[in-house]
Number of protein chains: 2
Amino acid sequence: MERKITTIKEIAKILNVSTSTVSRALKGHPGISPVTTDRVRKVAGEQDYIPNQSAISFNKKRSYTLGLIVPEFSEPFFCSAFNAIENIATAHDYNIIIGQSYDDMETEAKLVKKFMNHRVDGLIISIAKKGSDYQQLSILEKLNIPVVFFDCVPDRKDIHFVASDFQTSLLKGMQELITAGHRKIALINGPTILSATRQRLVAYIKGLRDHNIEINSSLIVTTDLSREGNLSALNKLIHLSNPPTAVIVFNDYVFLDCLDLLNSKGLEDLFKFISFGNMPGWVLYHHKPFGSIEQFPAEQGKIAANMLMQLMIGKEAEDEPPAKNFQKYIDSDIVFFRDSIKADQAIV
Amino acid sequence: MERKITTIKEIAKILNVSTSTVSRALKGHPGISPVTTDRVRKVAGEQDYIPNQSAISFNKKRSYTLGLIVPEFSEPFFCSAFNAIENIATAHDYNIIIGQSYDDMETEAKLVKKFMNHRVDGLIISIAKKGSDYQQLSILEKLNIPVVFFDCVPDRKDIHFVASDFQTSLLKGMQELITAGHRKIALINGPTILSATRQRLVAYIKGLRDHNIEINSSLIVTTDLSREGNLSALNKLIHLSNPPTAVIVFNDYVFLDCLDLLNSKGLEDLFKFISFGNMPGWVLYHHKPFGSIEQFPAEQGKIAANMLMQLMIGKEAEDEPPAKNFQKYIDSDIVFFRDSIKADQAIV
DNA sequence: TTGAAAGCGCTAACAC
DNA sequence: GTGTTAGCGCTTTCAA
C-alpha cells in the first residue's frame, strides 16, 4: 500500500536516458537540450518526483541547515530573533534546526553534538547563562564551521558576534532621572554569572559618577530572576531607612513583578523604573515604566543570520576564512513614558 | 586547514577490522566482543568520530525528523505547544523542523513540500486559518506519512487530531455571568473563515438559549483581529442604544485592546469580559477579565506529539495503519477572577 | 548534448 | 564474532 517515491533512476529508465541527464535536466543545467529537459520534467511531474534532500546533503556534504541555540524559546525576545533568522534562512533556502539550552551548559553541549551529527553548515547561538565556557564549541572551530554569537556572547575577540550595547541608553535614562531630580537610584541586577549583569553594573556606576553621585551599595541588590527573588530584592529597597526614588531593574519580568508588589501595598507611586525590554510592544503599552531599553532582537537576529550566510557562502566559494571577524554592537534605544506617573495608570 | 571528520571506514582501517564491525561496535551490538567494542570506541574517541546523520538517514530512509507547522511562532500559544512537542521529540531522539504558515495556504503548501524533500517521518500541524483546504497534505497521505492536527483542525473524520473543546467552559462562563444578573451579553467574534469562530458562535447561542435569553443580533459583532478591528467592534457595542453589560471576546488580544479603549474613555466599569486565553499566565495576572478560558497549548502539544510518536513507531514496527484514528478533544478550563471588579484594578 | 561510472558514509543481509 | 558485499539516491568528473 505504501507508495514509493519515484527516484531519478526510475525517471531515467522510463525515458531511456541516463540518471545524470535527468539530474541535470531537473535543475536546468544548460548543457541539456530543451527538448530533453522538458521531457524529463514532464515525467517527473507525472511521477510526483520529490527530490531526496537526505541524499543530496549526503552527496554534497552540505546540509543546507543552520543550527540555532537559544536559552529558551518561550522568551519573546528569542521568538523575535528566531523570526528574523528564519526569514533570512528561508530566503537562502536554508533550514533551521533549533535547540533550547535552558541556560544549561551541558544541554548546550549536547545540542552542539547533535548539530554536528547533522552536519549543520553554521551555527547561531546565544550562549547559556549558567557558566558557558565556550569549550563545547571548539569542535566547530576545528572543523571550520562558522559560528555567530548574538545577544549573550562570550568575552573573546576572535569570534563573530552581534550584541546590544545598552550603555549609552542606560546613561541616557539615568540622565533623565537625574534631571527629574532623582538622586537615590537603585539597581536590581541579575545573577552575577551573567556578563549582562556586569555590564549593567558598570554602566550604572558610570552613570552615577558622571553626575557626581556617590555610590551607595545598599541601593544595589540582586535577584536570581525568580519571582520570589524579584520581590525580595524590591522589598529590600522598600524597607531601606533611606529608600531610593528610582529603580533600574534587570529586565521587564522583574519590572512586572515589582509592579505587582507595589500595587498590592498601595505604593504604586513609590518608584520610577527603568527596565530592559524583553516584552513585545503591547505589554509595555499596558505597563509603562519610566523608561524602557529596547534591544531589538529581530535586528540582532537579522544581522547574525546575514553574517552567518556570508560566512557560509564565503566558505563555499573559497576556502579562506574572512580576514577579520564580523563584530557588531547594535545600539539599544531607550523609550521614555513620561506621562506615566503612577503605576496604576499603566493601563492607558 | 579544514580537518575532515573521521569516518567509520577510516576507523576500520586503523584497527584492521571491517566497517560493519565498527558500525556494530559503535552502537553496542551484542554480537561484537567486548574487547573489540572497546578498541573501536577508543579509536573513535581519539579520532573525534562524529556519526554522519545525513548518511544514516539516507541509508535507513528515515530522517528522524518531524515537521511542525504553526501559523506564527510569535504567539505564546504556539511557543508553549512547541516546547511541549520539542521535549517529547528530544526524548525520542527526534528533531523538529519548523515552519510558519502565517495563516497562508500557499506558504503552508510550500512548507509541506520542503518537509517532503526532507522526508520528515511525520507532521504536526495547526492549519492555516485563511482557507486551508487540506489538499496540500494529500501527498503525505499517499506516502503514508502520519499527520497529527492540533489546535486548528480541519472538519474531517478520517484524521488524527487533538483540539480544545471550549463549549463547556464557555457555557460555564455564561452561566456565571447570568447568575450575576447579566442578561445582555455580547460576543466579539473572529473572522468567519475560522472554525473557532463558528464554534464560539454556536456555544454562545446555546448558552443564551439554555437560559431562555433571546438572541439579539446587534450584540454579535466581529473583528478581523487587528487592533482597529477590535476597537471598532467594541465601539459598536458601546454606542448601542441598549448596550450589553458583559462581553465575550474572541481572545486575549481582543480583550487587551478593549481594556485600552475603555480606560481611555474612563469607562473601565462598563463591561465584564470573558476571554479566550492565548497569553502566558503572568499577563492575566496583570489584566484580569471576569473569566478566562484556558486551552492548554502545552497539553495539546504533548498529546499531539505522543500521538505522532505512536504513529511513527507503529509504522516502523508493522506496516498497518492503526485501525482507528487518534482523536481527542481536551477540555478547556475557565478561570474566574471574581475579585476584579474594575478594569483599572486589573493590575493587582 | 549525453552517458558511464565512481562514490559520498553508513547499514544490514548473508556468509563464514 | 567478524567480514563481504551490495546498495540507499544523487552529483559529478570524465569520456564520448
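The numbering scheme is per chain: residues are counted from 1 as the chain's sequence reads. Ligands are numbered from 1 and chains lettered from A, in the order in which they are written. pLDDT decides what is reported in this predicted model: residues at 70 or higher carry local features, side-chain atom pairs at 80 or more are listed and counted, and totals for whole chains, interfaces and linings draw on all residues regardless. Only hydrogens and water are removed before side-chain values are computed, so all heavy atoms of the structure are retained for them.

(A) Here's a closer look at the sheet that holds strand 9 (residues 272-276) of chain A. Residue and element names in this part refer to chain A. In this scheme, strands are said to pair when DSSP sees at least two bridges between them. The numbering of helices and of strands both runs from the N terminus, where a helix is a DSSP run of H or I of at least 4 residues and a strand a run of E of at least 2. Taking strand neighbours across the sheet as the criterion, the six strands line up as 7-6-8-9-10-12 in an open arrangement whose pairing is mixed. Strands at the two margins of the open sheet, each flanked by one partner only, are strand 7 (220-222) and strand 12 (333-336). Sheet twist, expressed as the mean angle between neighbouring strand axes with direction ignored, is 20 degrees. Here strand 8 (residues 246-249) pairs with strand 9 via three bridges, running parallel. For Val247, the partnering residue across the bridge sits in strand 9 and is Phe273. The contact criterion used is simple: two residues touch if any of their non-hydrogen atoms lie within 4.5 Å. Axis lines are fitted through C-alpha atoms, for helices just across the contact stretch, and the angle between N-to-C directions can take any value from 0 to 180 degrees. Contacting strand 6 (185-189), strand 8 and strand 9, helix 11 (residues 252-264) crosses the sheet at an angle of about 150 degrees to strand 9.

(B) Quick look at the UniProt feature "domain: HTH lacI-type" (unreviewed entry) in chain A. UniProt positions are given in the numbering used here, feature names are shortened, and annotations may be inferred rather than shown by experiment. UniProt's entry tags residues 6-60 of chain A with the feature "domain: HTH lacI-type" (unreviewed entry), counted in the numbering of this structure. Annotation note: span residues 6-60 of chain A, helix share 67%, strand share 0%, distance between end C-alpha atoms 21 Å.

(C) Representation of the packing of aromatic side chains within the structure. Between the rings of Phe, Tyr and Trp (Trp by its six-membered ring), a pair exists once the centres lie within 6.5 Å; its type follows the angle of the planes, with under 30 degrees stacked, over 60 edge-to-face, and the other angles tilted. Using the criterion set out here, one finds 22 aromatic pairs over all chains in the structure. Taking the centre distance of 5.8 Å and the plane angle of 70 degrees together, the rings of Phe290(A) and Phe336(A) count as edge-to-face. Taken together, the residues span a long stretch of sequence, with Phe290(A) in the loop between helix 12 (281-286) and strand 10 (291-294) and Phe336(A) in strand 12 at a distance of 46 residues. Like Phe290(A), the residue Phe336(A) is buried in the burial classification. Measuring from ring centre to ring centre gives 5.2 Å for Phe166(B) and Phe276(B), while their planes differ by 75 degrees; the resulting arrangement is edge-to-face. Of this pair, Phe166(B) sits in the loop between strand 5 (160-165) and helix 8 (167-179) while Phe276(B) is found in strand 9 (residues 272-276), placing the two residues 110 residues apart along the sequence. Comparing Phe166(B) with Phe276(B), the two get one shared label, buried. Grouping aromatic residues by their ring pairs yields a cluster made of Phe73(A), Phe82(A), Phe73(B) and Phe82(B). If you follow Arg200(A) out to its NZ or CZ, it ends over the ring of Phe166(A), 4.9 Å from the centre. Lying across the ring of Phe250(B), Arg200(B) places its NZ or CZ 4.1 Å from the centre. Remark: exposure states derive from per-residue accessible area (1.4 Å probe, protein chains only) relative to the maximum for the residue type, with buried under 20%, exposed over 50%, and partly exposed in between. Throughout this description, the term charge over a ring refers to an Arg CZ or Lys NZ atom that lies within 6 Å of the ring centre and within 35 degrees of the ring normal.

(D) Looking closely at the protein's contact with DNA strand C. Throughout, the term near means that a residue has one or more heavy atoms lying within 4 Å of the molecule or strand in question. Around DNA strand C sit 30 residues, and of these Thr21(A), Thr36(A), Ile8(B), Tyr49(B) and Asn59(B) come closest. Near the protein, within 4 Å, the atoms of DNA strand C are sugar or phosphate in 59% of cases. In the model, a phosphate oxygen of DNA strand C is placed 3.4 Å from a nitrogen or oxygen of the Asn52(B) main chain. Counting residues per element, the ones that place at least two in the surface near DNA strand C are helix 2 (19-26) and helix 4 (53-60) of chain A together with helix 1 (8-15), helix 2 (19-26) and helix 4 (53-60) of chain B. The element best represented in the surface near DNA strand C is helix 4 of chain B, accounting for five residues. Residue composition of the surface near DNA strand C, by class: nine nonpolar, 15 polar and six charged. Throughout this description, a polar contact denotes any pair of N or O atoms lying within 3.5 Å of each other; where both atoms belong to protein, one of them has to be capable of donating a hydrogen while the other can accept it, and for residues adjacent in sequence the pair is counted only when both atoms sit in side chains. Here the nonpolar group is Ala, Val, Leu, Ile, Met, Phe, Trp, Tyr, Cys and Pro; Asp, Glu, Lys and Arg are the charged ones; every other residue, Gly included, is treated as polar.

(E) View of the packing of helix 1 (residues 8-15) of chain A against helix 2 of chain A. All names here are of chain A. In contact at an axis separation of 8 Å, helix 1 and helix 2 are set at 110 degrees when each is read in the N-to-C sense. One finds that helix 1 runs roughly perpendicular with respect to helix 2. Of helix 2, the residues touching helix 1 (which contributes Ile8, Lys9, Ile11 and Ala12) are Thr19, Val22, Ser23 and Leu26. When its residues are assigned to classes, the contact of helix 1 with helix 2 shows five nonpolar, two polar and one charged. Each angle is binned into one of four classes, with values under 35 degrees roughly parallel, values over 145 roughly antiparallel, values of 65 to 115 roughly perpendicular, and all other values oblique.

(F) Up close: the protein's contact with DNA strand D. Taken together, 29 residues lie around DNA strand D, and Ser23(A), Tyr49(A), Asn59(A), Thr21(B) and Arg24(B) are the ones closest in. The sugar-phosphate backbone supplies 56% of the atoms of DNA strand D found within 4 Å of the protein. Tyr49(A) places a side-chain nitrogen or oxygen 2.6 Å from a phosphate oxygen of DNA strand D. Residue Thr36(B) places a side-chain N or O atom 2.8 Å away from a phosphate oxygen belonging to DNA strand D. Looking at the surface near DNA strand D, the elements with two or more residues in it are helix 1, helix 2 and helix 4 of chain A together with helix 2 and helix 4 of chain B. Considering each element in turn, the surface near DNA strand D owes the most residues, five residues, to helix 4 of chain A.

(G) Representation of the pattern of salt bridges within the structure. In what follows, salt bridge is the name for a side-chain nitrogen of Lys or Arg lying within 4 Å of a carboxyl oxygen of Asp or Glu. Taken as a whole, this structure holds 15 salt bridges over all chains when the rule is applied. For Lys206(A), the salt bridge identified is with Asp210(A), shortest N-O distance 3.4 Å. Highlighted residues: Lys206(A) and Asp210(A), both in helix 9 (residues 195-210), separated by four residues, approximately one helical turn. Look at Lys206(A) and you get partly exposed, because its relative accessible area is 35%. Between Asp260(B) and Arg227(B) there is a salt bridge, with its nearest N and O atoms 3.0 Å apart. Of this pair, Asp260(B) sits in helix 11 (residues 252-264) while Arg227(B) sits in helix 10 (residues 227-238), and the two are 33 residues apart along the sequence. Since its relative accessible area comes to 30%, Arg227(B) is described here as partly exposed. Three or more residues joined by partner-sharing salt bridges are found here, namely Arg227(A), Asp257(A) and Asp260(A).

(H) Representation of the domain arrangement of chain A within the structure. Residues and elements named next belong to chain A. For the domain bounds, the source is a domain assignment made automatically or taken from a database. Under the domain assignment, chain A is made up of domain 1 (8-51), domain 2 (63-161 + 296-328) and domain 3 (165-295 + 334-345). At the junction of the two partners, domain 2 supplies ten residues and domain 3 supplies ten residues. As used here, buried area is the combined drop in accessible area, with a 1.4 Å probe, of two parts when they are placed together. The contact between domain 2 and domain 3 buries some 810 Å² in all, and 57% of this surface belongs to carbon and sulfur atoms. Here domain 2 and domain 3 share zero salt bridges between them. Scanning the region where domain 2 abuts domain 3 turns up two residue pairs in polar contact (both at pLDDT 80 or more).

(I) Geometry of the nonpolar core. Counting residues in each nonpolar core, the largest one holds 60 residues, and the members touching the most others are Leu66(A), Ile124(A), Phe150(A) and Phe150(B). Contacts of Ile124(A), omitting those with residues within four sequence positions, involve Leu66(A), Gly67(A), Leu68(A), Ile69(A), Ile85(A), Val148(A), Phe150(A), Ala304(A), Ala305(A) and Leu308(A). Joining through side-chain atoms within 4.5 Å is the link that ties buried Ala, Val, Leu, Ile, Met, Phe, Trp, Tyr and Cys residues into a set, and such a set is a nonpolar core. In this structure, Ala196(A), Val221(A), Ala233(A) and Leu256(A) belong to the second largest nonpolar core, which totals 42 residues.

(J) Layout of the side chain of His182(B). All names here are of chain B. Mapped onto the elements of the fold, His182 is located in the loop between helix 8 and strand 6 (185-189). Side chain to side chain, His182 and Thr245 meet in a polar contact 2.6 Å long. Non-local contacts of His182, meaning those with residues more than four positions away in its chain, are made with Leu177, Thr245, Ala246 and Lys272.

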